[in-house]
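Examining the three-dimensional arrangement
Next come the chains, spelled out residue by residue.
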There are 2 protein chains.
Amino acid sequence: MVTIAVTSESADEPRIAVSPDTVKKLTALGAKVRIESGAGARSRFSDDAYRAAGADVVTRSEAIHGADILLAVRRPSIEDVAALKPGAIVAAMIDPYGDRSALAALAGTGATVFSMEFMPRTTRAQSMDVLSSQANLAGYKAVVDGAAMFGQALPMMMTPAGTVPAAKAFIMGVGVAGLQAIATARRLGAQVTATDVRPATKEQVQSLGAKFIAVEDEEFKQAQTAAGYAKPMSPEYQAKQAELVAQHVKNQDLVITTALIPGRPAPKLISRAMIESMKPGAVIVDLAAERGGNTELTEPGKTIETPNGVRIFAPLNLAGSIAVNASSLYAKNLLAFLDGTMFDKKEKTLAVNWDDELIRGTLVAKGGQIVHPNLQTQAS
Amino acid sequence: MVTIAVTSESADEPRIAVSPDTVKKLTALGAKVRIESGAGARSRFSDDAYRAAGADVVTRSEAIHGADILLAVRRPSIEDVAALKPGAIVAAMIDPYGDRSALAALAGTGATVFSMEFMPRTTRAQSMDVLSSQANLAGYKAVVDGAAMFGQALPMMMTPAGTVPAAKAFIMGVGVAGLQAIATARRLGAQVTATDVRPATKEQVQSLGAKFIAVEDEEFKQAQTAAGYAKPMSPEYQAKQAELVAQHVKNQDLVITTALIPGRPAPKLISRAMIESMKPGAVIVDLAAERGGNTELTEPGKTIETPNGVRIFAPLNLAGSIAVNASSLYAKNLLAFLDGTMFDKKEKTLAVNWDDELIRGTLVAKGGQIVHPNLQTQAS
């Protein structure tokens, strides 16, 4: 019997790594899921619901002790991992580029650690892609929270006393989060524009009914032919584009920034001068706060108001603020990963396919060592 | 020269009674608007913008002293009104049924007091209807704030990891606020239902793409023929309707209640038992909080969470939380009222038309007495 442990996350992480739905399916694979009592409460999953799905609801140490697998949202503690079966599997959002020495210590426990953030972006792995599933929800919530903070309505309203104009929303960075932010701002009736360094996003932006903002000269048009990723643009182009964005930001009511580069600080898309040029009452929602933020004035985890009345909201865990959905989808991502790569379905036993590109792509530590190629070059 | 005074409201009232736009138009009518410095700040109207529109930006006492007219959002203090010209005009949301003895004292100053809440609901007065202009914004904000509080997304989302189901929103009371709440919840992709005691609202609900919830028996169908207002329904009908609503509320994620009866406590649409039957994580936004609330557990001005995990958000001034729009529309309502009933446009002088039904309908106090018919019967 394969045992899977799931525990409560820290105080600032309301999500959980399994849902009653995925517990049922993990149980059908031949696993026994042992969940710390109350671990699902912040995602509105009750102990009773987990029990009904086939889990054992137990204390934290009972859940962990000697387990074959630990499923978590965030990087678990050394203590928790050390209490698992030797060489046990850990799958979580490990934050592989964060706190290197703690990661080495985690590897030192001998656990087999998978970082869900490293999931290859292949068609087969789409259902296991935690960055996408969580970014989609964050993009939605960024607009809803921004709208709640904004001192005006987003949609145009025709009333007998006069017309309330539509708010102007500008989405910077058109990945999964940005696309959902565009869609949500459009739903709410805002006048939406978006920009991205990848010319191929232009069509996506337009397909959602928003306007694409970029300097569309010959250089841009040639870059657009490259499928998916942008060519490096010339300094001249970059300067023109920056000037265009600076002029555009001035008149915006709601700006959502979503630019993240794996393993590196977030790019500063919005300078202090740009913020100072904005209108009082404008709201910036910075989805890159956990990597330092996309604006020069962002204070990660806080909401600040600048002297000229611009508010910058920089949440560290926006997907976690819609924990019910975020946990459900994250749990399904983990289930798809385990189901697709780790189980012998006939024998109902653990049988990790070490040759699987998804296993190789996400494996961070094994046998006491950090083994992922992305992490080798950074080792000191 | 007619002088109009406008001052800062209290700490919990961010709105203001004039906008730069209406100052310009009041100035064109021959008035000099005197605004307390900083009074528009919470509505993002700067002193400079008011000055550019023709206002004098002064101290509070300079604004008030000897003015012909005081425009306000909430009922002003006796001290402020006493400092105006004797018999001066005051127009505000007086809260005519609130604090009777303070209202008598206000009347005792000799001021001519108009209560904007008493504006007759005629075609001509639509542009002066402050209850409608503010309720519309409150209905929008109720859904946005409810969505921000709710631990799930409102729209259905199809993702590679699975489908996020659409949230169920239920709007109780289909007046101006309720209609805007329906429209906003629909915009955000919720599955929306609504109910009202007036059968004529069914078509309005359906025209917004929502489902009308009511016991539609023969009695209901006959009541529907009466234009606009419901006939009193039989106790049997009321019991059937209450049971239907109780069954319906159980499965809702977001409930917006909007039932207000002028001068009376808000009806208790949602009982303790109904709240106890709801799902953990469900959110109720109670727009009737300032009249005690539409649920048995509402605590006006607070957000509470019940033991079964239902949150009840009971804001006292939701329109004020989108102050830019709320002040703009309120200011336009006041402008339309003054423009339509109080000015001799050739002579550019004050010339109240005492025979105007709108003046008669809104006049609360004059010559030291409370004069409105609705307030006579309640006098002790």
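Residues numbered from 1 in each chain as written. Chains lettered and ligands numbered in written order. Predicted model: local features only at pLDDT ≥ 70, side-chain atom pairs only at ≥ 80, totals over all residues. Heavy atoms only, no water.

**Quick notes on the packing of helix 6 (residues 130-149) of chain A against helix 12 (residues 323-341) of chain A**
Residue and element names in this part refer to chain A.
- It is at 9 Å that the axes of helix 6 and helix 12 come closest, and there the two elements cross at 165°. Viewed along their axes, helix 6 and helix 12 adopt a mutual orientation that is roughly antiparallel. The handedness of the crossing between helix 6 and helix 12 comes out as right-handed. Of helix 12, the residues touching helix 6 (which contributes Val130, Ser133, Gln134 and Leu137) are Asn325, Ala326, Leu329, Tyr330 and Asn333.
- Looking at the contact of helix 6 with helix 12, its residues break down into five nonpolar, four polar and no charged. (Axes fitted to C-alpha atoms, helices over the stretch in contact; angles between N-to-C directions. Helix = DSSP H or I, 4+ residues; strand = E, 2+ residues; numbered from the N terminus. Parallel < 35°, antiparallel > 145°, perpendicular 65-115°, else oblique. Left-handed = near helix turned anticlockwise from the far one by under 90°. Contact = heavy atoms within 4.5 Å. Nonpolar A, V, L, I, M, F, W, Y, C, P; charged D, E, K, R; others polar.)

**Focus on the confidence of the model for chain A**
- Across chain A, pLDDT averages 94, with 97% of residues at or above 70.
- For this predicted complex, the interface confidence comes out at an ipTM of 0.93, alongside a pTM of 0.94. (pLDDT = per-residue confidence, 0-100.)

**A word on the domain arrangement of chain A**
All names here are of chain A.
- Parsing chain A into structural domains produces domain 1 (2-118 + 342-379) and domain 2 (136-321).
- Each of domain 1 and domain 2 has a C-alpha centre, and the two are 35 Å apart.
- Interface area, domain 1 with domain 2, both sides summed: about 500 Å², of which 41% is carbon and sulfur.
- When residues of domain 1 are sorted by the area they lose upon contact with domain 2, Arg15, Arg74 and Tyr97 head the list and together hold 66% of the total.
- A salt bridge links Arg291 to Asp95, with the nearest nitrogen and oxygen atoms 3.0 Å apart.
- Between domain 1 and domain 2 we count four residue pairs in polar contact (both at pLDDT 80 or more) in total.
- Residue composition of the side of domain 1 that touches domain 2, grouped by class: two nonpolar, no polar and five charged. (Domains from an automatic or database assignment. Buried area = accessible area lost by both parts, 1.4 Å probe. Salt bridge = Lys/Arg side-chain N within 4 Å of Asp/Glu carboxyl O. Polar contact = N/O pair within 3.5 Å; in protein donor to acceptor, adjacent residues only side chain to side chain.)

**Some details on the environment of Glu357 of chain A**
Residues and elements named next belong to chain A.
- Here Glu357 lies in helix 13 (residues 357-362).
- In this structure the C-alpha to C-alpha distance between Glu357 and Thr122, which are 235 residues apart in sequence, comes to 9.9 Å.
- Excluding its chain neighbours within four sequence positions, the residues that come into contact with Glu357 are Pro120, Thr122 and Arg124.

**Looking at the interface of chain B and chain A**
- Tallying the contact residues gives 42 residues for chain B and 43 residues for chain A.
- Summing the contributions of chain B and of chain A, the shared interface buries around 3300 Å²; its carbon and sulfur component is 59%.
- On the chain B side of the contact with chain A, Arg44, Tyr140 and Arg187 of chain B bury the most area, a combined 20% of that side's loss.
- Our count for the chain B to chain A interface comes out at two salt bridges.
- A salt bridge links Glu305 of chain B to Arg44 of chain A; the nearest nitrogen and oxygen atoms lie 3.5 Å apart.
- On inspection of chain B and its partner chain A, the count reaches 12 residue pairs in polar contact (both at pLDDT 80 or more).
- Going through the elements one at a time, helix 6 (130-149), strand 7 (157-159), strand 8 (162-164), helix 7 (176-187) and helix 12 (323-341) of chain B are the ones with two or more residues in the side of chain B that touches chain A.
- Of all the elements, helix 6 of chain B adds the most residues to the side of chain B that touches chain A, at eight residues.
- Residue classes in the side of chain B that touches chain A are distributed as 20 nonpolar, 15 polar and seven charged.

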